[in-house]
Amino acid sequence: LGTWAHELGHGLAALALGGRFDTLELLPNLGGQAHIAVSSDLEYALVSAAGLLGPSLVGGLIIILGARAKTAPGLLLALGVCLLA
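Reading guide: rules and limits
Per chain, the residues get numbers from 1 upward, laid out in the order the sequence is written. Under the rules for a predicted model, residues below a pLDDT of 70 receive no local features and side-chain atom pairs below 80 are neither given nor counted, while totals for whole chains, interfaces and linings still include all residues. With hydrogens and water excluded, all non-hydrogen atoms of the structure serve as input to the side-chain values. For the purposes of this entry, the term helix denotes a DSSP run of H or I that reaches at least four residues, the term strand denotes a run of E that reaches at least two, and both are numbered from the N terminus. A simple rule labels every residue: compare its accessible area, found with a 1.4 Å probe on the protein chains alone, to the largest value its type can have, and call it buried under 20%, exposed over 50%, or partly exposed in between. In this tally, Asp and Glu contribute negative charge and Lys and Arg positive charge; neither His nor the terminal groups of the chain are included. Counted as salt bridges are all cases of a side-chain nitrogen of Lys or Arg within 4 Å of a carboxyl oxygen of Asp or Glu. Identification of polar contacts relies on pairs of N or O atoms within 3.5 Å, with a donor-acceptor requirement for protein atoms, meaning one able to donate a hydrogen and the other able to accept it, and with residues adjacent in sequence counted only if both atoms are side-chain atoms. Note on contacts: a residue pair is in contact if any heavy atoms of the two residues lie within 4.5 Å. To estimate the expected span of a helix, count its residues, drop one, and scale the result by 1.5 Å. For a residue, the bend is simply the angle between two axes, fitted respectively to the seven-residue segment ending there and the seven-residue segment starting there.

Draft legend 1. Spotlight on the side chain of E43. Looking at the element boundaries, E43 is found in helix α2 (residues 41–66). Put simply, E43 is tucked away with no salt bridge, and the nearest opposite charge, on R20, sits 11 Å away. Of note is the side chain of E43, whose polar atom sits 2.9 Å from the backbone nitrogen of S39. When sequence neighbours within four positions are dropped, the list of residues in contact with E43 reads L17 and V38.

Draft legend 2. Spotlight on α2. The end-to-end C-alpha distance of α2 is 38 Å, a good match for the 38 Å that 26 residues give at a rise of 1.5 Å each. L52 marks where α2 bends most, by close to 35°; the proline P55 follows one to four residues later. The secondary structure elements touched by the buried residues of α2 are α1 (2–16) and β2 (32–37).

In structure tokens form, the structure reads like this:
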């Protein structure tokens, strides 16, 4: 799940900067790779940094939503669906 959040951070940043997010690969060795395309070195640097922010943002969101009785069941369902997928 951490690798997925990391690579998704790269991909979403590329999309936010007007680039492309072609594929996300999760490898059996727990590694991964986001196939992206951006148009400048600055955009590439921002996309690279977003990989480090992805797991932190997802983890923070899980903590916030999991601590509330109204949102915890939906969070658990969403995490279960992600793990099954």
